[in-house]
Amino acid sequence: MRIGVISRDGVLKAVAEYDELGRDRFLSEYGYKPATGYLLVHEDRAYDSKAIAGVAHKFDQGRALRSDELSGGRSHAAKWLARLGFVIRSSRSPDWTRDEIILACDLAMANGWKRLEFNDPRVIELSALLQTMPIHPEEVRTELFRNPNGVARKTADITSRHPDYRGKPTNGNALDVEVMNDFLARPAEMAEVARRIRDGLTTGEFQGLSPEAEEEDDYSAPEGRLLISRHKSRERDKGLRKRKIDAVLSQGRRLACEACGFDFEATYGPRGAGYIECHHVVPLHEAGEGRTKLGDLALICANCHRMIHRRAPWPTPDELRQLIQETTNRDGARLPLQQAPEPSPSRLRTP
C-alpha cells in the first residue's frame, strides 16, 4: 500500500459513505476526531478532510488509514485532496472584527456585564445576525462560524476583562478590551453605534458594501468597518458631490477646501477646475440610512480629507482649520496659499 496515493473516485466514495452514515458515526467507526484545521468542501457541504482522505485509502489501497498515520494539514490530507481538485478551507473561524465585538459588547452591557449562555435567546439571535455580516468571505465560514457557543464564549471573554470582574480572565484579546473600554467611556454613543450596525444588517443595507481590513489603515473610527464603508460610499456618490458643488458655485463661492483653503483651479489651472472632494460630516453613530442632505457635506481637499479620517475622533473642517492655524503660528511657517472659504452654516462633529 502506498500511503498518500488516493484517487478522486476514492474520495467521492468516502464522501458518499460519510453522507450515508452521518458525521458522528463515520468519524467514530474509523477512529477520527472532528477536523480542527481544514475541511473538504463538496457540493456546498463540508467534510472532515483528514477522515475523508484516510477512508479514501480503503477504496484505493484496500485499507483505511488510521488517524495516527496521517495529519490533516497541508503536508498530508489537505494537500492530497487539493491535488485532486477538491476545495479545501480552514475549519477555524476567523478572528472577531471590531464590528462583531461591538455587537457582543452591547449584548454584554445590556446583561449587566455578565456572561451569557449559549442557549440564551439573545445569544442565538446575535449568532444568526453575525452570520449575515458581509465582512468575512464565504470560504472561511464553516458550520461553526459564529455559532451560539462561540458568541457566548465571546461574551465571557469580554465580561471577564471588566474592571469589576474578580475571577480569572478568559483568553480574550486586546481588541475585546479596547471595544469594552469604548463602551465604558461612552455607553450611550456606543449603544447607538451597535443599533446602527444591527439595523443595517437587518435591513440588508450593508450587503452591497465590501468592507476590507486595509481600510482601517487610512480610515480610523471606533465604529468599525461597516459604518465606515457606508460613510465612504456616501462621500463618493458622484451625483451628490455634483449637487454640493453646484450649490456652492450658485452662492458665488469658490471650490476651496473648507479647512486649509486650497483651491485646485488656482493651483492647477484648467486641470483643477471643478475638482474637490466631499466629506460627510454627520457622526457615524447618527448617520442612519436616511437621505444625505447637502448640508451634511463639506468641500475638502484630498490632504485635509485624509488627515480628518486618519485618527478618531475625527475633527470637523473648522477644527482642522484651527489646528492648521495653530501649527502655522507656532512654527512660524507660511500661511496657506489661499484663504479658507466661509464654512457652511452648520458643521457636526464626527467621531
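Below is a summary of the structure that appears in this document. Since the model is a prediction, treat every value here as computed from it, not as a measurement. Position labels on residues start from 1 in each chain and follow its written sequence. Whole-chain, interface and lining totals are the exception, using all residues; otherwise, since this is a predicted model, local features are given only for residues with pLDDT of at least 70 and side-chain atom pairs are given and counted only at 80 or more. Processing note: side-chain calculations cover all non-hydrogen atoms of the structure and skip hydrogens and water entirely.

Take the pattern of salt bridges next. The working definition used for a salt bridge is a side-chain nitrogen of Lys or Arg within 4 Å of a carboxyl oxygen of Asp or Glu. Summed over the entire model, instances satisfying the criterion amount to 26 salt bridges. Where Asp120 meets Arg122, a salt bridge forms, and the shortest distance between an N and an O atom there is 3.0 Å. With relative accessibility at 34%, the residue Arg122 sits in the partly exposed group. Residues Asp182 and Arg186 are paired through a salt bridge, measuring 3.9 Å at the closest nitrogen-oxygen approach. Only protein chains enter the area calculation, which uses a 1.4 Å probe; residues under 20% of their type maximum are buried, those over 50% are exposed, and those in between are partly exposed. Judged by its relative accessible area of 17%, Asp182 falls in the buried class.

Paired strands, in this sense, are two strands between which DSSP finds at least two bridges. Think of it this way: any DSSP run of H or I at least four residues long counts as a helix, any run of E at least two long counts as a strand, and we number them from the N terminus. Read from one edge of the open sheet, 3 strands run 2-1-3, paired in antiparallel fashion. Edge strands, defined here as strands with exactly one partner in the open sheet, are strand 2 (45–48) and strand 3 (87–90). Each adjacent strand pair in this sheet contributes to an overall mean axis angle of 40 degrees, direction not counted. Where strand 1 (residues 38–42) meets strand 2, 4 bridges bridge the pair, whose relative direction is antiparallel. If you follow Leu39 over to strand 2, its bridge partner there is Asp48. Any two residues whose heavy atoms approach within 4.5 Å are treated as being in contact. Here an angle of 0 to 180 degrees is reported between the N-to-C directions of two axes, which are lines fitted to C-alpha atoms, with helices fitted over the stretch in contact. Against the sheet, helix 3 (residues 49–61) engages strand 1 and strand 2, with an angle of about 70 degrees to strand 2.

This part takes up the state of the cysteines. Criterion for a disulfide: a pair of cysteine sulfur atoms at a distance within 2.5 Å. Evaluated as defined, the whole model comprises 0 disulfides. With no disulfide of its own, Cys257 lies closest to Cys304 among cysteine sulfurs, the gap being 3.8 Å. Judged by relative accessible area, which is 0%, Cys257 ranks as buried.

Our next topic: the packing of aromatic side chains. When the centres of two rings from Phe, Tyr and Trp lie within 6.5 Å, Trp using its six-membered ring, the rings pair. Their planes under 30 degrees apart give stacked, over 60 give edge-to-face, and anything left gives tilted. As enumerated under the stated definition, the model contains 7 aromatic pairs in all. Summarising the aromatic geometry, the rings of Tyr18 and Phe26 are spaced 5.0 Å apart at their centres and angled 50 degrees between planes, so their arrangement reads as tilted. Look at Tyr18 and you get buried, because its relative accessible area is 4%. Taking the centre distance of 5.3 Å and the plane angle of 55 degrees together, the rings of Phe26 and Tyr30 count as tilted. Linking Phe26 with Tyr30, this pair stays in helix 2 (residues 23–30), spanning 4 residues, or about one helical turn. Taking the relative accessible area as the measure of exposure, Phe26 reaches 0% and is therefore buried. Taken together, Tyr18, Phe26, Tyr30 and Tyr47 form an aromatic cluster joined through their ring pairs.

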